[in-house]
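Read off the chains here:
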Amino acid sequence: MTKHIFTLIWNKKKKNFLLLLEIFFAFLILFGVFTFVISNLRNYITPLGFDTENVWLARMEVPQDVDSADFAQMRQLLRTELEAIPEVEQVSYTINITPFSNSAWQNGTDENGFDLNARIIQNDEYYEETGGLNIIEGRWFIKDDVHSKYKPVVISKMLRDLGWRGKPVIDSLFIFNYDDGPDNQVKIVGVVDHYKYMGEFTEEYNMIFIYEPTTSTNLDCMYIRVKDNASPTLEEQINKTIAAITKRNDFIIQTLESQRKRKSRQTWIPIGILLGIGSFLIINVALGLFGVLWYNINKRRPEIGLRRTLGATKSDIARQFIGEILMVAFFGIILAAFFTMQFPMMKLFDIENINYYYAMLISAGVIILLVLLCSFYPSRQAALINPAIALHED
Amino acid sequence: MIKLNNVNKIYKTKSVETLALNNINLNINEGEFLSIMGPSGCGKSTLLNIMGLIDEPSQGEVSISGYRIDDYTGKSVAKFRNEHLGFIFQSFHLINDLSVIDNVELPLLYRKVSSKMRRQLAEEALIKVGLKNRMKHFPSQLSGGQKQRVAIARAIVGKPNIILADEPTGNLDSAMGNEVMDILLGLNQEEKTTIVMVTHDELMAKKTNRLIRLFDGSQVQ
């Protein structure tokens, strides 16, 4: 029967061309939509690696001409005063490369036997708890790290798997042109599982956290971990405390949760729009398929009558029509897949290949499901045609 | 071979009942060539459809080769039609998108016959009707007579013991009609195929073993 259907499709190739073209373009568009959606959703399901609920961020400018001793004293005082507020749990300092801020500091070297490219963030010893990091090996920074011969760093699991898979990583030294430590080497003291600070929908990246003591002038932002259900007056209270101690008003307080939501919206909205376009397209393709099938069946009533007369059962007739449309869809998909395969093969975009393969499979699945759904009812109707009547309609 | 007992066929609409066949009793023997004549609308094609198991009598019994037909919708009747009956139509009913040989293979498609065997049997059938050289042609490239010969090849490819022909020469000129009739007579005489033919043509009918006439759904001769 497959050969027969193929012969029929081939002999009617001109008539089937438009349908094949419709399936071809539907596949291409669905492929584009699903590649975008799948690559984003696959990123989304990876944990962020830090807390956004109840974590606030204060950005402060550090004056260039600050006296380091005064600055250190001010920092300690600010921490003490903020932590004295009952609704504040903990405070830590960081550089201005903060979650969802779109800023990045990147460095790379191939001097360790592998191509190391990583993003860098400097943090003090309190960030593990303030940020809610998940240390899976080793430890976070401690105050004594300031005396360490090598600059202590915490790396992400992704980087560990890249450079130290199956090898002990804690206390390992590696070359990283960060500062003037001995031989430009830094020492790994811990590993965190994830840290997607650019946003929930971004790909994970190799991360290196570098220790800076609280008093470092490099750290000009502050994480403030607050208790659940903080009162509306807390922000004002924090604001006043910072202003009083720093004697400045040029700082901003934001919640990480609002930043996360804002950043996520930038992806959710296009996903929604693209899925809307995809759904509209699917409805149109479905209507097209349904129309073509109805037309074909009505035009081919005598042929259906003939086939029934020659011994075809009702299921043979239904299978014939479903088979024909499925075969056209199959060729449309194969043709489109030939073009979409170029994306992973030629690495046209910075998207993991697996996303393309998933998108191809899902697009093909959606089209086949659509074809089956649209052909089911017309084919069933075709099967019910009375051969005695249909044969006299020629 | 074909036995019809008290067969009635009534077509019903909401307001009208039409009696298409009225109490038909018919016994067609194996190897017989029977023709059915009558004016248009007298029920000839309905009778042929009932014998071909593509239409169901409203009353009465139909049995073919000892097989009594009770269910006209199931798979068994489709299988029976496929294996025992061959059909020829006035308007040929060839599928224009299939080549001659693919058209002839059609009945074998609904049997468990390999593709190679289908092709071989179809070729044999086309040789019988003198169309071996037209196998790859499409119906649109054939004359009316050739089309009907293809239809005959399709009817005989499955080696049925009964052929039902509904005005097989109706659309052909006399020369082509005679050609087709000769093939049918050959099948009847040489292969002992039972043939029931509906016709309007007295000359054709006279060439068959027996003639029955219908008028307003009743058998009058």
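Cut-off values and rules
- Residues numbered from 1 in each chain as written.
- Chains lettered and ligands numbered in written order.
- Predicted model: local features only at pLDDT ≥ 70, side-chain atom pairs only at ≥ 80, totals over all residues.
- Helix = DSSP H or I, 4+ residues; strand = E, 2+ residues; numbered from the N terminus.
- Buried ≥ 20, exposed ≤ 12 C-beta atoms within 10 Å, placed from the backbone.
- Contact = placed C-beta atoms within 7 Å.
- Pairing = 2+ DSSP bridges.
- Domains from an automatic or database assignment.
- Nonpolar A, V, L, I, M, F, W, Y, C, P; charged D, E, K, R; others polar.
- Arc of directions from axis to C-beta.
- Axes fitted to C-alpha atoms, helices over the stretch in contact; angles between N-to-C directions.
- pLDDT = per-residue confidence, 0-100.
- Parallel < 35°, antiparallel > 145°, perpendicular 65-115°, else oblique.
- Left-handed = near helix turned anticlockwise from the far one by under 90°.

Once that is clear, we can look at the overall build of chain B. Helix and strand counts for chain B come out as 7 helices and 10 strands. In terms of overall dimensions, chain B has a C-alpha envelope of 50 × 40 × 35 Å along the principal axes. The 221 residues of chain B split such that 48% are buried.

Here the focus is the overall build of chain A. Per the secondary structure count, chain A includes 12 helices and 11 strands. Once the C-alpha set of chain A is aligned to its principal axes, its extents read approximately 105 × 50 × 30 Å. Excluding contacts between residues fewer than 6 apart, the proportion of contacts in chain A whose partners are at least 24 apart in sequence is 83%.

Residues and elements named next belong to chain B. The strand order across the open sheet built from 4 strands is S2-S1-S4-S5, with neighbouring strands paired in antiparallel fashion. The strands lining the two open edges of the sheet, one partner per strand, are strand S2 (17-28) and strand S5 (67-68). By the bridge criterion, 5 bridges tie strand S1 (residues 2-12) to strand S4 (residues 59-64) in an arrangement that is antiparallel. Bridge pairing links Lys3 to Ser63 in S4.

Of all the 9 residues making up helix H8 (residues 301-309) of chain A, 7 are buried; the element is thus mostly covered by neighbouring parts of the structure. Along H8(A), the positions that sit buried rather than exposed are A:Glu303, A:Ile304, A:Gly305, A:Leu306, A:Arg307, A:Arg308 and A:Thr309. Check the buried side of H8(A) and you find it contacts helix H9 (314-340), helix H11 (353-383) and helix H12 (387-390) of chain A together with helix H2 (75-84) and strand S6 (85-89) of chain B. Among the residues trailing H8(A), A:Gly311 stands out with phi positive, at a value near 120°.

Here the focus is the pairing of strand S8 (residues 185-192) of chain A. As a general feature of sheets, a regular strand has side chains that alternate between the two faces. Residues and elements named next belong to chain A. Of all 8 residues in S8, 6 are buried, a share of seventy percent or more. As judged from the 3 bridges shared by strand S5 (residues 135-138) and S8, these two strands associate in the antiparallel manner. Within S8, the residue paired with Gly138 across the bridge is Gly190. Two strands pair when backbone bridges link them, and strand S6 (residues 151-156) and S8 are joined in this way by 6 bridges, in the parallel orientation. When the sheet's bridge partners are listed, Val154 is paired in S8 with Gly190. Judged from the 3 bridges that link them, strand S7 (residues 173-175) and S8 form a sheet pairing that is antiparallel. Within the sheet, the bridge partner assigned to Leu173 lies in S8 and is Lys187.

Our next topic: the domain arrangement of chain A. All names here are of chain A. Each assigned domain of chain A is listed with its residue range as follows: domain 1 (2-45 + 262-390) and domain 2 (62-249). Each of domain 1 and domain 2 has a C-alpha centre, and the two are 51 Å apart. Each partner contributes residues to the interface: domain 1 has 6 residues there, and domain 2 has 6 residues. Sorting the residues of the side of domain 1 that touches domain 2 by element identifies helix H2 (13-44) and helix H7 (256-299) as the ones contributing at least two each. Class assignment of the residues belonging to the side of domain 1 that touches domain 2 gives a composition of 1 nonpolar, 4 polar and 1 charged.

Residues B:Ala78, B:Arg81 and B:Asn82 constitute the buried set of H2(B). Down the axis, H2(B) shows its buried residues gathered within 95° of arc, on one side only. In the core, the buried residues of H2(B) are packed alongside H8 of chain A together with S6 and helix H3 (100-109) of chain B.

A separate point is the sheet that holds strand S9 (residues 210-215) of chain B. All names here are of chain B. Strand order across the open sheet formed by 6 strands is S6-S7-S8-S3-S9-S10, with mixed pairing between neighbours. With partners counted over all chains shown, the strands left at the sheet margins are S6 and strand S10 (218-219), one partner each. Where strand S7 (residues 162-166) and strand S8 (residues 194-198) come together, 5 bridges link them in parallel fashion. Across the sheet, Asp166 pairs through a bridge with Val198, a residue of S8. The strands touched by helix H6 (residues 174-190) are strand S3 (33-37), S7 and S8; relative to S8, the strand with the most contacts, the crossing angle is about 150°.

The next thing to look at is the confidence of the model for chain B. The predicted model of chain B has a mean per-residue pLDDT of 87, with 99% of residues at 70 or higher. The complex prediction reports pTM at 0.79, with the ipTM value standing at 0.90.

The phi dihedral of A:Asn54 falls on the positive side, at around 65°, and the residue is not glycine. Here A:Asn54 shows up in the loop between H2 and strand S1 (55-60). Classification of A:Asn54 by C-beta neighbours within 10 Å gives partly exposed; the count is 18. Although it is not a glycine, B:His93 adopts a positive phi angle of roughly 50°. Structurally, B:His93 can be placed in the loop between S6 and H3.

The parts lose accessible area when they come together, and the size of an interface is often stated as this lost area. On the side of chain A, 21 residues touch chain B, which itself brings 22 residues to the contact. Residue contributions to the side of chain B that touches chain A peak at 5 residues, all from H2(B). When grouped by side-chain class, the residues that make up the side of chain B that touches chain A number 10 nonpolar, 6 polar and 6 charged.

Residues and elements named next belong to chain A. With respect to the secondary-structure elements, Lys247 resides in the loop between helix H6 (234-246) and strand S11 (251-255). Accessibility expressed as a C-beta count within 10 Å gives 8 for Lys247, which makes it exposed. The sequence separation of Lys247 and Glu129 amounts to 118 residues, and the corresponding C-alpha distance is 28 Å.

With that settled, the discussion passes to the packing of H2(A) against H7(A). When two helices pack together, their arrangement is captured by the angle between the axes and the distance separating the axes. All names here are of chain A. Contact geometry for H2 and H7: axes closest at 10 Å, N-to-C directions at 160°. In terms of orientation, H2 lies roughly antiparallel with respect to H7. Here the hand of the crossing between H2 and H7 comes out left-handed. Every residue of H7 that contacts H2 at Leu19, Glu22, Ala26, Ile29, Leu30, Val33, Phe36, Val37 and Asn40 is listed here: Thr267, Ile271, Leu274, Leu275, Ile277, Gly278, Leu281, Val285, Gly288 and Val292. A per-class count over the contact of H2 with H7 returns 14 nonpolar, 4 polar and 1 charged.

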